[in-house]
Amino acid sequence: QVQLVESGGGLVQAGGSLRLSCAASGSFSSINAMEWYRQDPGKQRELVASSTRGGSTNYADSVKGRFTISRDNAKNTVYLQMNSLKPEDTAVYYCRAAVVPRSSALQYYYWGQGTQVTVSS
């Protein structure tokens, strides 16, 4: 069984910063892509940032220049550094990982439980 545990959310004023972490645990061979999504109530979950195992990254236009995704493959952990936060960044943030089980060539996606980020104006 694979578990993703997120941490680092909270309440911050506009212009402030937060750093989210997501650590994967369990029995698996490796992790390919690791991603951060966010979801506001009543809205669709949207991709915020992604990172390949090799470190290539992509960002939603709304967060480019403000958010940075990084990962530590040895710790099976992905981070999201969020700077210059805006009220519209308020959402529940989820991490997702593409996990390769032992003795398998396939990958399976797992989600974390989510962490609330609230940015006050």
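Residues numbered from 1 in each chain as written. Predicted model: local features only at pLDDT ≥ 70, side-chain atom pairs only at ≥ 80, totals over all residues. Heavy atoms only, no water.

A. Fine view of the overall build of the protein. A count of helices and strands for the protein gives zero helices and eleven strands. Reading the protein from its N terminus to its C terminus gives the helix and strand order β-β-β-β-β-β-β-β-β-β-β. A globule of 121 residues ought to have a C-alpha radius of gyration of about 14 Å, and the protein, at 14 Å, matches this closely. Referenced to the eigenvectors of the C-alpha coordinate spread, the extents of the protein come out at roughly 50 × 25 × 25 Å. Counting all 121 residues of the protein, 41% fall into the buried class. About 6400 Å² of surface is accessible on the protein, with carbon and sulfur atoms providing 46% of the total. Between the averaged position of the 12 positive side-chain charges in the protein and that of its 8 negative side-chain charges there is a distance of 6 Å. (Helix = DSSP H or I, 4+ residues; strand = E, 2+ residues; numbered from the N terminus. Rg over C-alpha atoms; globule rule 2.2 N^0.38 Å. Buried < 20%, exposed > 50% of the residue type's maximum accessible area, 1.4 Å probe, protein only. Areas by Shrake-Rupley, 256 points an atom, 1.4 Å probe, with all protein chains shown as cover. Lys, Arg positive; Asp, Glu negative; His and termini not counted. Charge placed at Lys NZ, Arg CZ, Asp CG, Glu CD.)

B. How the structure looks around the state of the cysteines. Per the counting criterion, the structure on display carries one disulfide. The disulfide partner of Cys22 is Cys95, and the S-S distance across this bridge is 1.9 Å. Measuring handedness by torsion sign, the sulfur bridge of Cys22 and Cys95 sits at about 45 degrees and is right-handed. Residue Cys22 is found in strand β3 (residues 18-26), and its partner Cys95 is found in strand β9 (residues 91-100); the two are separated by 73 residues along the sequence. Judged by its relative accessible area of 0%, Cys22 is buried. (Disulfide = S-S within 2.5 Å.)

C. Representation of the packing of aromatic side chains in the model. Following the criterion strictly, the structure yields two aromatic pairs and no others. Plain terms: the ring middles of Tyr94 and Trp111 are 6.4 Å apart, the flat faces sit at 85 degrees to each other, and that makes the pair edge-to-face. Of the two residues, Tyr94 sits in strand β9 while Trp111 sits in strand β10 (residues 108-111), which places them 17 residues apart along the sequence. An aromatic cluster is built from Tyr37, Tyr94 and Trp111, whose rings are joined through pairwise contacts. The ring of Tyr79 is capped by Arg19, whose NZ or CZ atom sits 4.1 Å from the centre of that ring. For Arg45, the ring lying beneath its charged end belongs to Trp111, and the centroid distance is 4.6 Å. (Phe/Tyr/Trp six-rings, centres within 6.5 Å; stacked < 30°, edge-to-face > 60°. Lys NZ or Arg CZ within 6 Å of the ring centre and 35° of its normal.)

D. Representation of the side chain of Ser50 within the structure. With respect to the helices and strands, Ser50 occurs in strand β5 (residues 46-51). Excluding anything up to four places from it in sequence, Ser50 contacts Met34, Glu35, Ser56, Thr57, Asn58 and Ile69. (Contact = heavy atoms within 4.5 Å.)

E. Structural detail: the pairing of strand β11 (residues 115-120). Side-chain alternation along β11 places Thr115, Val117 and Val119 on a buried face and Gln116, Thr118 and Ser120 on a face that remains uncovered. As judged from the four bridges shared by strand β2 (residues 10-13) and β11, these two strands associate in the parallel manner. Directly across from Gly10, in β11, lies its bridge partner Val117. Here β9 pairs with β11 via three bridges, running antiparallel. Within β11, the position partnered with Ala91 by the bridge is Val117. (Pairing = 2+ DSSP bridges.)

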